[in-house]
Amino acid sequence: METVFNEIQHSVKNWWTSLLLGIVYIIVALWLMFSPVSSYIALSIIFSVSMLFSGILEIIFAISNKKGVPSWGWYVVGGIIDLILGIYLIAYPMVSMEVIPFIIAFWLMFRGFSSTGYSIDLKRYGTRDWGWYMAFGILAILCSLLILWQPAIGALYAVYMISFTFLIIGLFRVMLSFELKNLHKRK
């Protein structure tokens, strides 16, 4: 299976979408950490909106790199999944409050496995810091498993776990954006 890093012959277009997405995740994570009591109700709205924006940005990235990225279809699929989840959660906020730990856990698991796959590709291309990308992916997977294992611990625990995992995904996306920007220089 070919990925975004295979046969890059020019700079990846719209690398900044990953940077923007990472910054959004980091801001949401910090907000959740500093106001956990009021966060759970707002979490469903924030999460829904961030999923919606995540889907839109991922689709933009995939379509704009259609000719340069052989696996652009996988990015479209991930974007469509995020977009559909975002729309659904915005339409039904009470449902999202009840099932948000499960939705987030499966979403984080998908993103964690994606991140570990990206790190393996970066290793093949000689990126020196590929291990950090792998660590972020593994941390996201572990956090998703913890959320699935103990969903009834309570809203406070969920808020802190979610904020921590948003921070992990945000840092990964920021690092990935700069790696995509500079990858063509190492060819």
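Everything in this summary refers to the structure shown in the same document. Computed from a predicted structure; not experimentally measured.

Considering the packing of aromatic side chains
Here the distance between the centres and the angle between the planes together describe a pair of aromatic rings. One pass over the structure, following the stated rule, counts eight aromatic pairs. Relative to F166, the ring of Y25 lies with its centre 5.4 Å away and its plane at 75°, an arrangement referred to as edge-to-face. With a gap of 141 residues between them, Y25 in helix α1 (residues 16-34) and F166 in helix α6 (residues 155-182) connect regions that are remote in the sequence. Both residues of the pair, Y25 and F166, belong to the buried class. Plain terms: the ring middles of W107 and F166 are 6.0 Å apart, the flat faces sit at 65° to each other, and that makes the pair edge-to-face. Of the two residues, W107 sits in helix α4 (residues 93-124) while F166 sits in helix α6, which places them 59 residues apart along the sequence. Judged by relative accessible area, which is 1%, F166 ranks as buried. Here a set of aromatic residues connected by ring pairs shows up, and it is made of F61, Y75, Y118, Y133 and F172.

Some thoughts on the environment of G170
Its place among the elements puts G170 in helix α6. Separated by 148 residues in sequence, G170 and G22 place their C-alpha atoms 3.8 Å apart. Excluding its chain neighbours within four sequence positions, the residues that come into contact with G170 are G22, Y25 and I26.

Quick notes on the nonpolar core
In this structure, L43, F47, I104, W107, I147, I162 and F166 are the most contacted members of the largest nonpolar core, which totals 43 residues. For this core, the secondary-structure elements that each account for two or more residues are α1, α2 (36-64), α3 (72-91), α4, α5 (130-149) and α6. Examining the composition of this core, we find that eleven residues originate from one element, α6, more than from any other.

Here we look at the pattern of salt bridges
Counted according to the given criterion, the structure contains five salt bridges. Between E58 and R111 there is a salt bridge, with its nearest N and O atoms 3.5 Å apart. Remark: R111 occurs in helix α4 and E58 occurs in helix α2; sequence separation between them is 53 residues. Like R111, E58 is buried. R124 is the salt-bridge partner of D121, the closest N and O atoms lying 3.2 Å from each other. Here the residue D121 and the residue R124 both occupy positions in helix α4, the gap between them amounting to three residues, near one helical turn. One network of salt bridges, in which partners are shared, links E58, D82, R111 and R173.

Definitions and cut-offs
- Residues numbered from 1 in each chain as written.
- Predicted model: local features only at pLDDT ≥ 70, side-chain atom pairs only at ≥ 80, totals over all residues.
- Heavy atoms only, no water.
- Phe/Tyr/Trp six-rings, centres within 6.5 Å; stacked < 30°, edge-to-face > 60°.
- Helix = DSSP H or I, 4+ residues; strand = E, 2+ residues; numbered from the N terminus.
- Buried < 20%, exposed > 50% of the residue type's maximum accessible area, 1.4 Å probe, protein only.
- Contact = heavy atoms within 4.5 Å.
- Core = buried A, V, L, I, M, F, W, Y, C linked by side-chain atoms within 4.5 Å.
- Salt bridge = Lys/Arg side-chain N within 4 Å of Asp/Glu carboxyl O.

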